[in-house]
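As a plain string of letters, each chain reads:
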Amino acid sequence: PAERTYIDVKDSNNNGIPDWQEALQTTDPIVVSTSTQSTSTYTAPTTVTGKFAESFFEDYMHSQMYGGLNGASQNDLVQAETEKLAQQSTDQLFTEKDISIYQATDTQSLHNYGNIVASTILSFPNSGDNELTIFSDAVQYKQMDKLQQLAPIELAYTSMVKDMLTIPVPSQYSKLHLNLTNALKAISEDIHAMQNVNEDPLYALIRLKRYPDDVTGLPTE
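How each quantity is defined
- Residues numbered from 1 in each chain as written.
- Predicted model: local features only at pLDDT ≥ 70, side-chain atom pairs only at ≥ 80, totals over all residues.
- Heavy atoms only, no water.
- Helix = DSSP H or I, 4+ residues; strand = E, 2+ residues; numbered from the N terminus.
- Areas by Shrake-Rupley, 256 points an atom, 1.4 Å probe, with all protein chains shown as cover.
- Buried < 20%, exposed > 50% of the residue type's maximum accessible area, 1.4 Å probe, protein only.
- Lys, Arg positive; Asp, Glu negative; His and termini not counted.
- Salt bridge = Lys/Arg side-chain N within 4 Å of Asp/Glu carboxyl O.
- Contact = heavy atoms within 4.5 Å.
- Expected span 1.5 Å × (residues − 1).
- Bend = angle between axes of the 7 residues up to and from the residue.
- Polar contact = N/O pair within 3.5 Å; in protein donor to acceptor, adjacent residues only side chain to side chain.
- Axes fitted to C-alpha atoms, helices over the stretch in contact; angles between N-to-C directions.
- Parallel < 35°, antiparallel > 145°, perpendicular 65-115°, else oblique.
- Left-handed = near helix turned anticlockwise from the far one by under 90°.
- Nonpolar A, V, L, I, M, F, W, Y, C, P; charged D, E, K, R; others polar.
- pLDDT = per-residue confidence, 0-100.
- Arc of directions from axis to C-beta.
- Patch = residues over 30% accessible without salt bridge, like charges linked within 9 Å, V, L, I, M, F, W, Y side chains within 5 Å.

Q: Would you take a moment to explain the overall build of the protein chain for this structure?
A: On a plain count of helices and strands, the protein chain comes out with 8 helices and 2 strands. The linear arrangement of helices and strands in the protein chain, starting from the amino end, is α-α-α-β-α-α-α-β-α-α. A total accessible area of about 15,600 Å² is found for the protein chain, and carbon and sulfur atoms account for 55% of it.

Structure (structure tokens):
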């Protein structure tokens, strides 16, 4: 084998510091080019799916840092996250403050009120497929463009809600009127979530779960 030899380290000014080391030392400030600096800023998620993912990750990492996860703590984490999800499907309900209530006892006034409510609902007929059928077909057959058919249905429900809030209501029917109006509002939100299943799949799943209960709040005739 070749004989190993020692390579002299050059020290031009004889100050005890090798030239290569002095070359690395500088008093000039380090300037980072603006072209290499990141201009991105954190953007908080706006969808239920994004918010849940962020919250779950934060809670998971917190649990790992402070004691780790065992069987009990895993169950606690799942329970806490499930409760957070349930809160995401809670709607802001209309109250008596949102409608005009008047006192009426005569039959004609009550009859007129009923006719107005019926005509309001029937003025938005839907001769096409049910919203749930449209959604199911779109997802099952991977024809997501069919979700566009939900837009006019959602508009019909939101329009009904606006009209219901303008109808003067006899005091004895105020609770029923609010229940119906809130049911219409809930269904409109359900349909909105169905349309945006690609962007916010978790929220669509939450609304689909409560959809049958929302429909039961509608009149059958």
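Q: I tried to follow the side chain of Glu154 on my own but got confused; where do I start?
A: Structurally, the position occupied by Glu154 is in helix H6 (residues 150-166). Buried and unpaired, Glu154 has Lys162 as its nearest opposite-charge partner, separated by 10 Å. Contacts of Glu154, omitting those with residues within four sequence positions, involve Ser188, Ile191, His192 and Gln195.

Q: How should helix H8 (residues 201-215) be read in this particular structure?
A: Since the α-helix turns once every 3.6 residues, residues separated by three or four places project in the same direction. When the terminal C-alpha atoms of H8 are compared, their 21 Å separation across 15 residues agrees well with the 21 Å that a helix rising 1.5 Å per residue should span. Considering bend angle alone, the principal kink of H8 is centred on Lys209 and spans about 35°; proline Pro212 follows within four residues of it. Of all the residues in H8, the buried ones are Leu202, Tyr203, Ala204, Ile206, Arg207, Tyr211 and Asp214.

Q: Please clarify how unusual backbone geometry should be interpreted in this entry.
A: Excluding glycine, most residues fall at negative phi; most peptide bonds, likewise, are trans. For Lys142, which is not a glycine, the phi torsion comes out positive at approximately 55°. Relative to the helices and strands, Lys142 is located in the loop between helix H5 (131-140) and H6.

Q: Please explain the environment of Val139 as it appears in this structure.
A: Take Val139: it is sitting in helix H5. Remark: the alpha-carbon pair of Val139 and Asn198, spanning 59 residues in sequence, is separated by 10.0 Å.

Q: Quick question: what am I supposed to make of the side chain of Asp214 here?
A: As for its placement among the helices and strands, Asp214 is situated in helix H8. Of the polar contacts made by the side chain of Asp214, one reaches the side chain of Arg210; its length is 2.8 Å. Those residues in contact with Asp214 that lie beyond four places of it in its chain are Ala183, Ala186, Ile187, Asp190 and Arg207.

Q: I tried to follow the packing of helix H7 (residues 174-195) against H8 on my own but got confused; where do I start?
A: Helix-helix packing is described using two parameters, namely the angle between the two axes and the distance between the axes. The contact between H7 and H8 brings their axes to 9 Å, and the two run at 150°. Overall, the two elements H7 and H8 adopt an arrangement that is roughly antiparallel. You can see that H7 and H8 cross each other, and the crossing is left-handed. Packed against H7, whose contacting residues are Ala183, Ala186, Ile187, Glu189, Asp190, Ala193 and Met194, the element H8 presents Tyr203, Ala204, Arg207, Leu208, Arg210, Tyr211, Asp214 and Val215 at the interface. Partitioning the contact of H7 with H8 into residue classes produces 10 nonpolar, no polar and 5 charged.

Q: Can you help me understand the confidence of the model for the protein chain in this one?
A: Predicted coordinates in areas of low pLDDT are best not read in detail. Mean pLDDT over the protein chain stands at 84; residues scoring 70 or higher make up 82%. At the level of individual helices and strands, the protein chain shows its lowest average pLDDT in helix H1 (residues 19-24), which scores 70, and its highest in strand S2 (residues 169-170), which scores 97.

Q: What's the story with helix H2 (residues 48-65) in this structure? I'm lost.
A: Over its 18 residues, H2 runs 26 Å from end to end, which matches the ideal 26 Å to within 8%, given 1.5 Å per residue. Turning to H2, its buried residues are Val48, Ser55 and Ser63. Looking down the long axis of H2, one finds its buried residues gathered within 70° of arc, a one-sided arrangement. Exposed and facing more than 90 degrees away from the buried side of H2 are Phe57 and Met65.

Q: Is there a simple way to explain a nonpolar patch on the surface in this structure?
A: Side chains of Phe56, Phe57, Tyr60 and Met61 sit close together on the surface and give an oily, nonpolar patch of about 360 Å² of accessible area. Residue placement: Phe57 occurs in helix H2. Take Phe57: its relative accessible area is 52%, and that puts it in the exposed class.

Q: What am I meant to see in the pattern of salt bridges here?
A: Opposite charge on two side chains allows them to pair when their charged atoms are near. Evaluation of the coordinates by the stated rule reveals 4 salt bridges. Between Arg210 and Asp91 there is a salt bridge, with the nearest N and O atoms lying 3.3 Å from each other. Placement of the pair is Arg210 in helix H8 and Asp91 in the loop between helix H3 (71-87) and strand S1 (101-102), with a sequence separation of 119 residues. A salt bridge links Arg207 to Asp190; the nearest nitrogen and oxygen atoms lie 2.6 Å apart. A residue pair is termed long-range when its members are at least 10 positions apart, and Arg207 in helix H8 and Asp190 in helix H7 qualify at 17 residues. Side by side, Arg207 and Asp190 carry an identical accessibility label, which is buried. Among the ionic contacts, a cluster of salt bridges with common partners joins Asp91, Asp190, Arg207, Arg210 and Asp214.

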